[in-house]
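# Analysis of the macromolecular model
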Amino acid sequence: MPSYDVLHADERTMLIQYSHEFLPALHREILSTGHLLQYPLTLRNGWAISDMITSHEQLSQLKDVFEAEGIPYEIGSVTQSTDPTDLLTDRQRRFITAAVEHGYYDSPRECTLTELAAALDVSKGGASGILHRAEGRIIKNFLGEPAV
């Protein structure tokens, strides 16, 4: 880590903020399979520990990339959910719920994307991206395709 700041430290935890001039191999390989790391990461005994919500296909791709690059990994557990609300992240679920409550999906619309974004205190582009990813997961699930 070329540059970091300790934001908090106590007997059990340390919160650091770091910056890189380059993308580390781990991050680069995870991004290459369409995943995003969920922060904060837990670092324990030299291992970065993270939860991922992914399809079996993408998990297999990530495993293949790690093995090809010689990146050590362990999969602690794999669970499957049949609850359709588990398709979405908490943030995606919050945005979809707010969109329905504000009438964004009504015909005619009761609120614009700009109004919805303002209600959720994000940029219009941010709201659009979050809704688009959530809608994609919902539609793919409806069609029986794996959610990415």
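Above this note sits the structure.
A short tour of the structure in this document, coming up. In this text the structure is predicted, and so the values were computed from the model without any measurement. (Residues numbered from 1 in each chain as written. Predicted model: local features only at pLDDT ≥ 70, side-chain atom pairs only at ≥ 80, totals over all residues. Heavy atoms only, no water.)

### Here's the deal with unusual backbone geometry
- Put simply, serine 107 and proline 108 share a cis peptide bond, and its omega is -5°.
- Of note in the backbone geometry, aspartate 121 takes a positive phi value of approximately 60° without being a glycine.

### Topic: a nonpolar patch on the surface
- Judged by side-chain polarity, Tyr4, Val6 and Met14 come together as a nonpolar surface patch covering roughly 330 Å² of accessible area.
- Tracing the chain through its elements places tyrosine 4 in strand E1 (residues 3-9).
- When its relative accessible area of 48% is taken as the criterion, tyrosine 4 is described as partly exposed. (Patch = residues over 30% accessible without salt bridge, like charges linked within 9 Å, V, L, I, M, F, W, Y side chains within 5 Å. Areas by Shrake-Rupley, 256 points an atom, 1.4 Å probe, with all protein chains shown as cover. Salt bridge = Lys/Arg side-chain N within 4 Å of Asp/Glu carboxyl O. Helix = DSSP H or I, 4+ residues; strand = E, 2+ residues; numbered from the N terminus. Buried < 20%, exposed > 50% of the residue type's maximum accessible area, 1.4 Å probe, protein only.)

### Points about the packing of aromatic side chains
- All told, the structure shown has two aromatic pairs when counted by the stated rule.
- For the pair phenylalanine 66 and tyrosine 73, a centre-to-centre distance of 5.8 Å together with 45° between the ring planes defines the contact as tilted.
- Taking 5.1 Å as the distance between ring centres and 80° as the angle between the ring planes, the aromatic pair formed by tyrosine 104 and tyrosine 105 counts as edge-to-face.
- Looking at tyrosine 104, the relative accessible area reads 10%, which means it is buried.
- Note on tyrosine 105: relative accessible area 36%, which makes it partly exposed. (Phe/Tyr/Trp six-rings, centres within 6.5 Å; stacked < 30°, edge-to-face > 60°.)

### A few points about helix H5 (residues 124-142)
- Taking 1.5 Å per residue, 19 residues should reach 27 Å; H5 reaches 27 Å between its end C-alpha atoms and fits that length.
- Among the residues of H5, those classed as buried are Ala127, Gly129, Ile130, Leu131, Ala134 and Arg137.
- Residues of H5 that are buried in the fold lie against helix H3 (90-101) and helix H4 (113-120). (Expected span 1.5 Å × (residues − 1). Contact = heavy atoms within 4.5 Å.)

### Things to note about the side chain of glutamine 92
- Mapped onto the fold, glutamine 92 is located in helix H3.
- Using a relative accessible area of 7% as the deciding quantity, one classes glutamine 92 as buried.
- Here the side chain of glutamine 92 touches threonine 89 through a polar contact of 3.0 Å, landing on its backbone nitrogen.
- Those residues within four positions of glutamine 92 in sequence are excluded, and the remaining contacts are Leu87, Ile130, Arg133, Ala134 and Arg137. (Polar contact = N/O pair within 3.5 Å; in protein donor to acceptor, adjacent residues only side chain to side chain.)

### Brief notes about the pattern of salt bridges
- In total, this model carries two salt bridges according to the counting rule given.
- Across the salt bridge formed by glutamate 67 and lysine 63, the nearest N and O atoms sit 3.6 Å from each other. With glutamate 67 and lysine 63 both in helix H2 (residues 56-69) and four residues apart, this pair spans about one turn of that helix.
- Its relative accessible area of 32% is what places lysine 63 among the partly exposed residues.

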